[in-house]
Amino acid sequence: MLSAAAALCAVGLSGCSRAPEVALAPQARAPVCTAVPWPADVSDRARVATTPDDPSVAAWGDPALIARCGLDPLGPTTDDCVTVDGVDWVVRSLSDGSAATTYGRDPAVEVLAPAAYGAVPLLLPAFSAAARALPENGRHCS
């Protein structure tokens, strides 16, 4: 699995006007990831192009908030787990923002939010449809 820090590097690069570079997740070619219903906007920020231009990734705003589909599912963890619109997410702090990864979905979706966006759980309702499109694997926040 690619590290969240490596993927978040793309967020840091997005401060310029070029498309943010996003590392594709290991299961990016899974059929569900090639047809993700990404939202048109997130927190009033419009969707922007990504490099690569791939249906499994999406970005919004500047600095870019990034979402990737196709991560390997998370195993049991002691990280914070929240439920938003019936979808479980594992939330963790990063050096310049935060990340949320679906829990109990295979493959998983990861949302990387720069600190400028505030707490990532407040952004997760925008990703509910995309997360619910992923097959469940039986794990839930406890």
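Relevant structure appears above.
Residues numbered from 1 in each chain as written. Predicted model: local features only at pLDDT ≥ 70, side-chain atom pairs only at ≥ 80, totals over all residues. Heavy atoms only, no water.

A. Spatial organisation of unusual backbone geometry. Across the junction of D62 and P63, the peptide omega takes the value 5°, indicating a cis bond. In this fold, P63 is placed in the loop between β3 (57-60) and β4 (65-71). Cis peptide bonds are those with omega within 30 degrees of zero, and the linkage from D106 to P107 qualifies with 5°. Even without being a glycine, S43 presents a positive backbone phi close to 50°. (Helix = DSSP H or I, 4+ residues; strand = E, 2+ residues; numbered from the N terminus.)

B. Structural view of the side chain of S56. Mapped onto the fold, S56 is located in the loop between β2 (45-48) and β3. Side chain to side chain, S56 and D54 meet in a polar contact 2.6 Å long. Leaving out residues up to four positions away in the same chain, S56 has contacts with L24, A28, C33, W38, A67, R68 and C69. (Polar contact = N/O pair within 3.5 Å; in protein donor to acceptor, adjacent residues only side chain to side chain. Contact = heavy atoms within 4.5 Å.)

C. Quick peek at the state of the cysteines. Across all of its chains, the model carries two disulfides by this definition. Between the sulfur of C33 and that of C69 lies a disulfide, 2.0 Å long from S to S. The sign of the S-S torsion, about -65°, decides the handedness of the disulfide formed by C33 and C69: left-handed. Linking C33 in the loop between α1 (4-13) and β1 (41-42) with C69 in strand β4, this pair joins segments that are 36 residues apart in sequence. Of the two residues, C33 and C69, neither departs from the other in class, the shared state being buried. Here C81 connects covalently by a disulfide to C141, the sulfurs 1.7 Å from one another. The sign of the -65° torsion about the S-S bond sets the C81-C141 disulfide as left-handed. Remark: C141 occurs in the segment after α2 (128-132) and C81 occurs in strand β5 (residues 80-84); sequence separation between them is 60 residues. Listing the disulfide partners of the protein chain by sequence rank of the bonded cysteines yields 1-2, 3-4. (Disulfide = S-S within 2.5 Å. Buried < 20%, exposed > 50% of the residue type's maximum accessible area, 1.4 Å probe, protein only.)

D. The pairing of β5, seen in detail. Judged from the five bridges that link them, β5 and strand β6 (residues 87-94) form a sheet pairing that is antiparallel. Bridge pairing in β6 links V84 to V87. (Pairing = 2+ DSSP bridges.)

E. Main features of the pattern of salt bridges. Inspection of every chain in the model, using the stated rule, returns four salt bridges. Here R18 makes a salt bridge to E21, at a shortest N to O gap of 2.7 Å. Relative accessible area serves as the criterion here: at 44%, R18 is assigned to the partly exposed category. Owing to a relative accessible area of 38%, E21 belongs among the partly exposed residues under this scheme. Here the salt bridges share partners, and the residues they tie into one network are R68, R92 and E110. (Salt bridge = Lys/Arg side-chain N within 4 Å of Asp/Glu carboxyl O.)

F. Representation of the packing of aromatic side chains in the model. A full pass over the atoms with the stated rule returns two aromatic pairs. Ring centres 6.2 Å apart and planes at 75° place the aromatic pair W38 and W60 in the edge-to-face group. Of the two residues, W38 sits in the loop between α1 and β1 while W60 sits in strand β3, which places them 22 residues apart along the sequence. Here the two residues W38 and W60 agree in accessibility, since each one is buried. Ring centres of W60 and F127 lie 5.3 Å apart, and the angle between their planes is 80°; on these two criteria the pair is classed as edge-to-face. Taken together, the residues W60 in strand β3 and F127 in the loop between β8 (108-114) and α2 connect sequence positions 67 residues apart. (Phe/Tyr/Trp six-rings, centres within 6.5 Å; stacked < 30°, edge-to-face > 60°.)

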